[in-house]
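Next come the chains, spelled out residue by residue.
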Amino acid sequence: MRFILFALAFLGLAPMAEAQQRTRLTVYTALENEQLAPFKQAAEAALRDVEIAWVRDSTGVITARLIAERANPRADVVWGLSVFSILQMESQDMLEPYTPQGAEALRANMRSNRSPMTWTGMDAFVSAICFNTVVAQQRNLPRPSTWQDLLDPRFRGQIVMPNPNSSGTGFLTISGWIANMGEQGAWAFMDRLHENVQQYTHSGSAPCNNAARGEFGVGLSFDMRSVTLKNQGAPIDIIVPTDGVGFDLEATAILRGTRNLEAAKRLADFTVSKTAAELYGRFYAMLALPGVEPTVRGYPAEFAQRLVSANFAEIAASRDRLLAEWQRRYDAKSAPR
Amino acid sequence: MADITAPLQGTVRVKASPDETALRALHILGFLFLALALALPLSSLLLRAFQDQQGDFVGLRNFAIYVTTPSLIQSAWNSIWTAALTTLVVVPLAFAYAYGLTRSNMPGKWFFRAVMFLPIFAPSLLPALSLIYLFGNQGMLRWIMDGGSIYGPWGIIGAQIFYCFPAATIILAVALSTADGRLYEAAEALKASRFRIFLTVTLPGAVYGLVSAAVVVFTLVVTDFGIPKVIGGQFNVLATDVYKQVVGRQDLNMGAVVGMVLLVPAILAFLLDRWALTKKSATLSGRAVPYRPKPRAARDHPAFLLCLTIALTLIGIVGVAVWGSLIRFWPYNLALTLDNYDFSRFDTAGWQAVWLSIKFSLMTAVLGTALVFIIAYSLERGPRSGFLAGPLRFLATIPLAVPGLVLGLAYIIFFNAPGNPLGIIYGTLAILVLNSMVHFYTVCHLTAVTAIRQLDPEFEAVSASLHVPVWRTFSRVTIPICLPAILEIAVYLFVSAMTTVSAVIFLYGPDTKPASVSVVHMDEAGQASAAAAMACVILAISLSAKLLQLFMNGVLGRFTSAWRR
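Residues numbered from 1 in each chain as written. Chains lettered and ligands numbered in written order. Predicted model: local features only at pLDDT ≥ 70, side-chain atom pairs only at ≥ 80, totals over all residues.

Below, the discussion takes up the overall build of chain A. A count of helices and strands for chain A gives 14 helices and ten strands. Over its C-alpha atoms chain A spans a radius of gyration of 21 Å, differing by no more than 12% from the 20 Å that the globule rule assigns to 337 residues. If you line up chain A on its principal axes, its C-alpha atoms span 75 × 40 × 40 Å. For chain A, restricting intrachain contacts to residue pairs at least 6 apart in sequence, the fraction spanning at least 24 positions comes to 72%. (Helix = DSSP H or I, 4+ residues; strand = E, 2+ residues; numbered from the N terminus. Rg over C-alpha atoms; globule rule 2.2 N^0.38 Å. Contact = placed C-beta atoms within 7 Å.)

So, about the confidence of the model for chain B. Low-pLDDT stretches of the model should not have their predicted coordinates read in fine detail. Residue and element names in this part refer to chain B. Here chain B averages 87 in pLDDT, while 93% of its residues score no lower than 70. Confidence, read as mean pLDDT per element, is least for helix α1 (residues 2–15) in chain B (44) and greatest for helix α18 (residues 429–439) (96). Contacts for the low-pLDDT stretch residues 1–16, under 50 throughout, to residues beyond four places or in other chains number 13 contacts. Per the prediction output, this complex has pTM 0.88; the corresponding ipTM is 0.86. (pLDDT = per-residue confidence, 0-100.)

Looking now at helix α22 (residues 515–524) of chain B. Residue and element names in this part refer to chain B. The element α22 is largely enclosed, with a buried count of ten among its ten residues. The set of residues buried in α22 consists of A515, S516, V517, S518, V519, V520, H521, M522, D523 and E524. Two residues or fewer after α22 comes G526, characterised by a positive phi angle close to 85°. (Buried ≥ 20, exposed ≤ 12 C-beta atoms within 10 Å, placed from the backbone.)

This part covers the environment of W143 of chain B. Residue and element names in this part refer to chain B. Position of W143 among the secondary structure elements: in the loop between α6 (125–135) and α7 (153–177). Residue classification places W143 among the exposed residues on the basis of 9 C-beta atoms within 10 Å. C-alpha of W143 to C-alpha of L60: the two residues are 83 residues apart in sequence and 50 Å apart in space.

Between S115 of chain A and P116 of chain A the backbone carries a cis peptide bond, its omega angle lying at -5°. With respect to the secondary-structure elements, P116 of chain A resides in the loop between α5 (83–91) and β4 (120–132). Each neighbour pair has its own omega, and for W330 of chain B with P331 of chain B the value is -10°, a cis peptide bond. Its place among the elements puts P331 of chain B in the loop between β1 (327–329) and β2 (333–336).

Attention now moves to the nonpolar core. Residues and elements named next belong to chain B. Grouped together as the largest cluster of nonpolar side chains are 287 residues, with contacts concentrated most on A168, V217 and A535. Considering every element that reaches this core, the biggest residue donor is α7, with 16 residues. Leaving out residues up to four positions away in the same chain, A168 has contacts with V90, V91, A94, A213, V216 and V217. (Core = buried A, V, L, I, M, F, W, Y, C linked by C-beta atoms within 7 Å.)

The subject of this paragraph is the interface of chain A and chain B. Listed by partner, the interface residues are 51 residues for chain A and 51 residues for chain B. Of all the elements in the fold, those that place two or more residues in the side of chain A that touches chain B are α3 (33–46), β2 (50–56), α4 (59–68), β6 (197–201), α8 (206–212), α9 (225–231) and α14 (319–331) of chain A. The dominant element in the side of chain A that touches chain B, judged by the number of residues it contributes, is α4 of chain A, at seven residues. Of the residues belonging to the side of chain A that touches chain B, the class tally is 18 nonpolar, 23 polar and ten charged. (Nonpolar A, V, L, I, M, F, W, Y, C, P; charged D, E, K, R; others polar.)

Our next topic: the packing of helix α9 (residues 194–223) of chain B against helix α19 (residues 441–453) of chain B. Residue and element names in this part refer to chain B. Packing of α9 against α19 leaves a shortest axis separation of 11 Å and a crossing angle of 180°. One element, α9, and the other, α19, form an angle in the roughly antiparallel class. Between α9 and α19, the residues in contact are Y208, G209, S212 and V216 and V443, L446 and T450, respectively. Tallied by class, the residues present in the contact of α9 with α19 amount to four nonpolar, three polar and no charged. (Axes fitted to C-alpha atoms, helices over the stretch in contact; angles between N-to-C directions. Parallel < 35°, antiparallel > 145°, perpendicular 65-115°, else oblique.)

With that out of the way, let us pick up the environment of E460 of chain B. Residues and elements named next belong to chain B. Relative to the helices and strands, E460 resides in helix α20 (residues 458–465). What makes E460 buried here is the crowd of 24 C-beta atoms within 10 Å. Considering only alpha carbons, one finds E460 and V470, ten residues apart in sequence, at a separation of 7.0 Å. Here E460 is in contact with R381, V470 and T473, once residues within four sequence places are set aside.

Here is the structure:
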């Protein structure tokens, strides 16, 4: 292949030869699989001399990798990772400060408040309930529309949620409750919810996947998850509770120590552009760039109002304490009931 | 026998010093390899146990925090009892199966030899999916659970029994495969009862294998997090505690602490192994007559039935997953389809991941087998007094006790350290190969050692007195006799590399994503059928490798074992 490219370059086929000159950026991400190809295509179309090489894994794995590689970073850019992970990396001084062109236009709570910025948001994804309608009918479960509805004794042993100590999705869920109900209120809520929980899973995607398969009636997860499952014919409804949901941002940052800083900065510029925001809008209902209309379907019009106001930095700072408290309350007595 | 060889060896030792030098050099090489690929990476991670997130030394503070974790005792106890119960079930089953394969005249042995490997032919996600399809809340056989849940200890134990069966059987089959027929003839001439022969001839010959198998199964269960993660629900074990610390909380320091706790079984295993060594003497001497079981219905029929039952269970579990790869969506749309095999629809790497996995596994098998066998030989036949022999033996037992997750992180920290010249392999296929060779080292090492120990050292002694250099004895005698074991090791490494997830998930680069990792990704994305499909492709490739091995065994057996007839 390379030989052919060289041969073509010899023949004076300039555009082909240019392909050889492209800077290859290693981009770590936790985006969904089906988003990788369109995102890569769009970025490479906008930045002709940049090639995107993805390393994609779940949020936990990719963050652990990034932190383990801290001494000698292999990623140039992180594009599409939970803001909580990004803030953790910021606290370990792993991010290159750079304000991408046009980043000031982003919503203020969806970008770094430092100057120059260390990260920029792309879009928000929210906690949601995956509700299996077939199982609900069989077991006579009411359709929940709020978090409080889940405390109904009829849900005893029917709810599955991710263990926040194992999964970023689990932490997103409880941080939403804390932002919404205050810490005392959230613990009181979780104490009662615990009675109805059948299982805390290690994987953030398992609750919704298993609810889709009818293993459980109700799985707590985030909104993006259900689309693939519904397309396959799973009888699930995705419910965004009306009493306030926690949200997490997908964010972008440049790694301190990247060997391709110039190209990385240009990719960062692209990630906050209108073109990029329109791309995010094909998958997400809440975008960091105001004025871009999301094209994703199936979200209520007043969706944005359901989002709790979250102070990400504050939640990230108390993460260790919250997780330890959660573990003390619910994990120690996790023998099967 | 031992009385005769001991003085002989003594006299030989003086004459054969070039051989000893060669074997000593191999000790050094083997030690260097395991030091670079195992000891140094592990210690650079374990050092983190004594540091805080900023890298400052904090002494034992992390351990103090860990000991006060409320769920610790519960996790440790859960790990121990599930592992012990699994061992108690697996080892007798594996012994009976291996006994049927090696000591009976039942029909269809080649079939049973191929089937026993089914559990490790696919990533552990496959049995977990099968168990959910069978015994989950929508499962076809859920009435067996009688209202109980598969998500918890019983699911873990069920899946682990399935998953550990091959490792135990491979060790026991090698231990039972070579026996001295003269001992059996003598016992029969003395009118010993069959039971007595079993107790006094068969079992003592297999003690080392039994101890190894038990140690391997126990440690495999304790260190595996894949199965408890998928099917264990919230049943906490030590391995999922590491997962929580590293993947959930991204706290490498606490992860290193739990990783160290998990090394305790390795040290116990090493001590047990040493103890078993003292109980062991060579069973296949230079004058040995290979034991050939004569047809005997009272033994062959039950053995056949038992092996058939086990084999059908294994096939059934795998069969459910194969069916699961052909349906649209469990359990609501059971229409059959081949779409799930069009992997590029679900994962950008597509079929590319499969080709990459084959390449990576072949490299692991070829390099790993040569390395494992030569190091094992130098240990078994080299100078006992060699100062590196002890440390080398110890290092060889470590990988089994290291969770893949811990080994993967250790590789990042060691090979990615600024200034490490070995850093050039980081992100390439080479680091995946190196990592897998080390990750699966112990079972291969034990197999090689068991095979070599069954050869009387007299072979070397005689060669030495005839001035035949050791490498010649090695290539003319040891390798041909051990060829079945060598092929077994190669296929085990190939298959393990095809299916491994836990370590390589931290090490693959943009162009080196293996198929086993794709399986996990597709399952996480809610594409269970596609995940099952790719797992089935891996299974088919592994099965082909195994059938090729059995075929070669048959062909080679005609040449290399001709002396035995």
